[in-house]
Amino acid sequence: MATLTPFKARRLVVKIGSALLVDRQTGKLRGAWLESLCADVAALRAGGTEVVVVSSGAVALGRGRLGLPAGALPVEQSQAAAAAGQISLARAYDEALAPHGLTAALVLLTLENTVDRRRYLNARSTFSSLLSLGAVPIVNENDTVATDELRFGDNDRLAAQIAVTVDADQLILLSDVDGLYTSNPHTDPSAQHLPEIEDITSDIDAMAGDPVSGVSKGGMRTKLLAARTATASGCALCITDGGVENPLAALGNGARASWFLPRLDPKTARKAWILAMKPQGVIEVDEGAAKALAGGRSLLPAGVANVTGEFGRGDPVSIIGPKGRILGMGLTRYTSDAARAIAGRQSEEIFEILGYPGRASLIHRDDMAL
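Remember, predicted model here, so these are calculated numbers, not experimental data. (Residues numbered from 1 in each chain as written. Predicted model: local features only at pLDDT ≥ 70, side-chain atom pairs only at ≥ 80, totals over all residues. Heavy atoms only, no water.)

Draft legend 1. Structural view of the overall build of the protein. Secondary structure summary: the protein contains 14 helices and 15 strands in total. Taking 2.2 N^0.38 as the reference for a compact globule, 370 residues should give roughly 21 Å; the C-alpha atoms of the protein span a radius of gyration of 22 Å, in line with that estimate. With respect to the principal axes defined by its C-alpha atoms, the protein has extents near 70 × 45 × 40 Å. Buried residues in the protein amount to 49% of all 370 residues. Pairs at least 24 residues apart make up 72% of the contacts formed inside the protein by residues separated by at least 6 positions. For the protein, the exposed area adds up to about 16,600 Å²; of that, 51% sits on carbon and sulfur atoms. For the protein, the distance from the average position of its 37 positive side-chain charges to the average position of its 40 negative side-chain charges is 4 Å. (Helix = DSSP H or I, 4+ residues; strand = E, 2+ residues; numbered from the N terminus. Rg over C-alpha atoms; globule rule 2.2 N^0.38 Å. Buried < 20%, exposed > 50% of the residue type's maximum accessible area, 1.4 Å probe, protein only. Contact = heavy atoms within 4.5 Å. Areas by Shrake-Rupley, 256 points an atom, 1.4 Å probe, with all protein chains shown as cover. Lys, Arg positive; Asp, Glu negative; His and termini not counted. Charge placed at Lys NZ, Arg CZ, Asp CG, Glu CD.)

Here it is, written out as structure tokens:
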């Protein structure tokens, strides 16, 4: 039995499938279940765990509000259902979290927001601010504008990318199955449950099946793809049956689940990812800044001695110390032109120089690998 539980996480992403949130027969929200989930979120927050929720359900809820028929919908009707359903979904989370003194914050993303480095950094900063302010981000794909080539396609994949973006150490996929089996347990009585998976081998891939629900999109195959993304970034991923009330508490108490184990912690994995990038420019820093960076500080404009190369916001740059000493790599929060303009200046001077407030640090410590 796996020893990991959501109550041991520093930062946790929870993915909710449509089949759990919306009653398949009536198309209505399962309010009591959602209230129990939010009680679990509140308990986690009280214990010091930051929580991000990735929730399906907008299309399923919007379908009922607009009187659309069951079954597959044309793209324009699906997007209309998402637009109507997001309102119901956001209101439901807000009302379920409010009794616990928690604020829900709706975040709608497209694939572009995570593959483009500039938008990725914006999303990362937004999540960081929301969590520091005590809010619970409720994330969904922006189905009203996403096109097929710019879609995640399912919220398992979205949840994994969010886990990478926020440096989560655990991702819990609440589903209508309690984990990975050697074969389909509905058709094979000899199927064995796998409580821990260290490596996603070709044999593990072969165990994936199709979705069993008529509401949710994702099957075991999408969950394995999510597990690859999460574990490669230092995040453990769990698949468990979320149909019971208080599903996170149940998992913490030993409910059956499959845990995919990471080999690195999230921060180490992220730094390795940054170091593997090709630098687009060079930031030279003075001795004082070099010492500050060694002490775990962010790079402020005041410590920058010179900027070379042409780069955009979010691009990787080399960080060089006095006498050409290579210090590391980082993702810059400014373009090369803006970086040159504020080099050697105090953070409070940024607005006067650039004409907009900007960010205090040129490279944040979380986006730096030394």
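Draft legend 2. Representation of the sheet that holds strand β8 (residues 196-197). The strand order β3-β4-β2-β1-β5-β9-β10-β8 describes an open sheet built from eight strands, whose pairing is mixed. Both edges of this open sheet fall to β3 (103-109) and β8, since each of them pairs with a single strand only. Across two bridges, the pairing between β8 and strand β10 (residues 257-260) is parallel. Residue pairing in the sheet places I197 in a bridge with F260 of β10. (Pairing = 2+ DSSP bridges.)

Draft legend 3. Focus on unusual backbone geometry. Positive phi, close to 60°, is recorded for D167, a residue that is not glycine. Positionally, D167 belongs in the loop between α7 (155-165) and β5 (170-175). Unlike most non-glycine residues, K323 shows phi in positive territory, near 60°. Take K323: it is sitting in the loop between β13 (316-320) and β14 (326-331). By relative accessible area, K323 is classed as exposed at 89%.

Draft legend 4. Layout of helix α2 (residues 31-46). Across its 16 residues, α2 extends 22 Å between first and last C-alpha, which sits within 8% of the 22 Å expected from 1.5 Å per residue. Buried residues of α2: W33, L34, S36, L37, C38, D40, V41, A42 and L44, and no others. Among the residues trailing α2, G48 stands out with phi positive, at a value near 100°. (Expected span 1.5 Å × (residues − 1).)

Draft legend 5. How the structure looks around the side chain of K15. Residue position: K15 is located in strand β1 (residues 11-16). Owing to a relative accessible area of 7%, K15 belongs among the buried residues under this scheme.

Draft legend 6. Structural view of the pattern of salt bridges. According to the stated counting rule, one finds 10 salt bridges in the structure shown. In this structure, R124 engages D167 in a salt bridge whose closest nitrogen and oxygen atoms are separated by 2.8 Å. With R124 in helix α6 (residues 117-132) and D167 in the loop between α7 and β5, the pair connects residues that are 43 residues apart, well separated along the chain. Residue R124 is classed as buried on the basis of its relative accessible area, which comes to 10%. For D167, a relative accessible area of 8% translates into the label buried. Among the ionic pairs, D367 bridges to R124, the shortest N-O distance being 3.3 Å. Here the residue D367 occupies a position in the loop between α14 (350-354) and β15 (368-369), and R124 occupies one in helix α6, the gap between them amounting to 243 residues. Look at the salt bridges and you will find they share partners, linking R124, D167, R270 and D367 into a network. (Salt bridge = Lys/Arg side-chain N within 4 Å of Asp/Glu carboxyl O.)

Draft legend 7. Spatial organisation of the environment of D286. Position of D286 among the secondary structure elements: in the loop between β11 (281-285) and α12 (287-294). Separated by 17 residues in the primary sequence, D286 and G303 place their C-alpha atoms 5.7 Å from one another. With residues near it in sequence (within four places) discarded, D286 still touches A302, G303, A305 and P322.

Draft legend 8. Summary view of the sheet that holds β13. Spatially, the five strands line up as an open sheet ordered β12-β11-β13-β14-β15, and their pairing is mixed. Taken across any chain shown, the strands that pair with only one partner, and hence form the sheet edges, are β12 (304-309) and β15. Summarising the sheet, β13 and β14 pair through five bridges and their orientation is antiparallel. From the neighbouring strand, I320 faces β14, where its bridge partner is I326.

Draft legend 9. Inspection of a positive patch on the surface at higher detail. There is a patch of like positive charges on the surface, built from R10, K267, K271, R297 and R365. Note on placement: K271 falls in helix α11 (residues 266-275). (Patch = residues over 30% accessible without salt bridge, like charges linked within 9 Å, V, L, I, M, F, W, Y side chains within 5 Å.)

Draft legend 10. Summary view of the pairing of β10. Residues A257 and W259 of β10 are buried on one face, and the alternating residues S258 and F260, pointing to the opposite face, are buried as well. Pairing between strand β9 (residues 236-241) and β10: four bridges, direction antiparallel. Of the residues in β10, the one forming a bridge with L237 is F260.

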